[in-house]
Amino acid sequence: MLNPNRPEPEFLKSLLEPLLEDFQYWFGRSRSLLETESIPFLGVEGQAQLLRRVQQAIEEVNTAKMLFQATGSQVGLEMEVLVTWHKLLTECWQVAMRFRTERSASPELGK
């Protein structure tokens, strides 16, 4: 008998698949920024810690996406996991915005 509390695979696919792709994209951009730029207001250790957290999240998202695909879209994610990823992305976006703002205000930093 079907579990009435379990969402349909097509519903999960239409919701979760694009969400996982967005997480992959934005975490990838964040990783690129953290690997290629020196972000003075974070400090060397702060930047390294944020990069480690982003790399861990990338691994988690990739694993979730592989499981999702391997099970025919029948695996969901705990909301707690999605919230954690979203908070990390929000932190990364704030860092990127501040970095770009400070760099544009101080042209010698962009060199």
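A brief report on the enclosed structure follows. (Residues numbered from 1 in each chain as written. Predicted model: local features only at pLDDT ≥ 70, side-chain atom pairs only at ≥ 80, totals over all residues. Heavy atoms only, no water.)

1. Some details on the overall build of the chain
- A count of helical and extended segments in the chain gives three helices and zero strands.
- Listed by position from the N terminus, the elements making up the chain come as α-α-α.
- Taking all contacts inside the chain whose residues are at least 6 apart in sequence as the whole, residues at least 24 apart take part in 75%.
- When the accessible surface of the chain is totalled, it reaches about 7700 Å², and 56% of it is carbon and sulfur. (Helix = DSSP H or I, 4+ residues; strand = E, 2+ residues; numbered from the N terminus. Contact = heavy atoms within 4.5 Å. Areas by Shrake-Rupley, 256 points an atom, 1.4 Å probe, with all protein chains shown as cover.)

2. Digging into the nonpolar core
- Ranked by size, the top nonpolar core spans 24 residues in total, and within it Leu20, Phe23, Phe27, Leu50, Val54, Trp85 and Leu88 carry the most contacts.
- Elements with a minimum of two residues in this core: helix H1 (9-36), helix H2 (43-70) and helix H3 (79-105).
- If sequence neighbours within four positions are ignored, Val54 has contacts with Phe27, Ser30, Arg31, Leu34, Leu88 and Cys92. (Core = buried A, V, L, I, M, F, W, Y, C linked by side-chain atoms within 4.5 Å. Buried < 20%, exposed > 50% of the residue type's maximum accessible area, 1.4 Å probe, protein only.)

3. Some details on the packing of aromatic side chains
- Throughout the structure, instances matching the rule amount to four aromatic pairs.
- A ring pair is formed by Phe23 and Phe27, whose centres lie 5.9 Å apart and whose planes are at 15°; its orientation type is stacked. Placement of the pair is Phe23 and Phe27 together in helix H1, with a separation of four residues, close to one helical turn. Across the pair, exposure class does not vary: Phe23 and Phe27 are buried alike.
- Joined through ring pairs, the aromatic side chains of Phe23, Phe27 and Trp85 make up one cluster. (Phe/Tyr/Trp six-rings, centres within 6.5 Å; stacked < 30°, edge-to-face > 60°.)

4. Quick look at H3
- Over its 27 residues, H3 extends 39 Å from the first C-alpha to the last, a length consistent with the 39 Å expected when each residue adds 1.5 Å.
- Buried within H3 we find Leu82, Trp85, Leu88, Leu89, Cys92, Val95, Ala96 and Phe99. (Expected span 1.5 Å × (residues − 1).)

5. Observations concerning H2
- Look at H2: 40 Å from first C-alpha to last across 28 residues, which is about the 40 Å you get at 1.5 Å a residue.
- All of the buried residues in H2 are Gln47, Leu50, Leu51, Val54, Ala57, Ile58, Val61, Ala64, Lys65 and Phe68.
- Immediately beyond the C-terminal end of H2, within one or two residues, lies Gly72, with a positive phi of roughly 65°.

6. Some points on the pattern of salt bridges
- Evaluated as defined, the whole model comprises five salt bridges.
- The salt bridge involving Lys65 is made with Glu21; its shortest N-O contact spans 3.8 Å. Placement of the pair is Lys65 in helix H2 and Glu21 in helix H1, with a sequence separation of 44 residues.
- Residue Glu91 pairs with Arg53 through a salt bridge whose shortest N-O separation is 2.6 Å. Of this pair, Glu91 sits in helix H3 while Arg53 sits in helix H2, and the two are 38 residues apart along the sequence.
- By relative accessible area, Glu91 is classed as partly exposed at 29%.
- Using a relative accessible area of 39% as the deciding quantity, one classes Arg53 as partly exposed. (Salt bridge = Lys/Arg side-chain N within 4 Å of Asp/Glu carboxyl O.)

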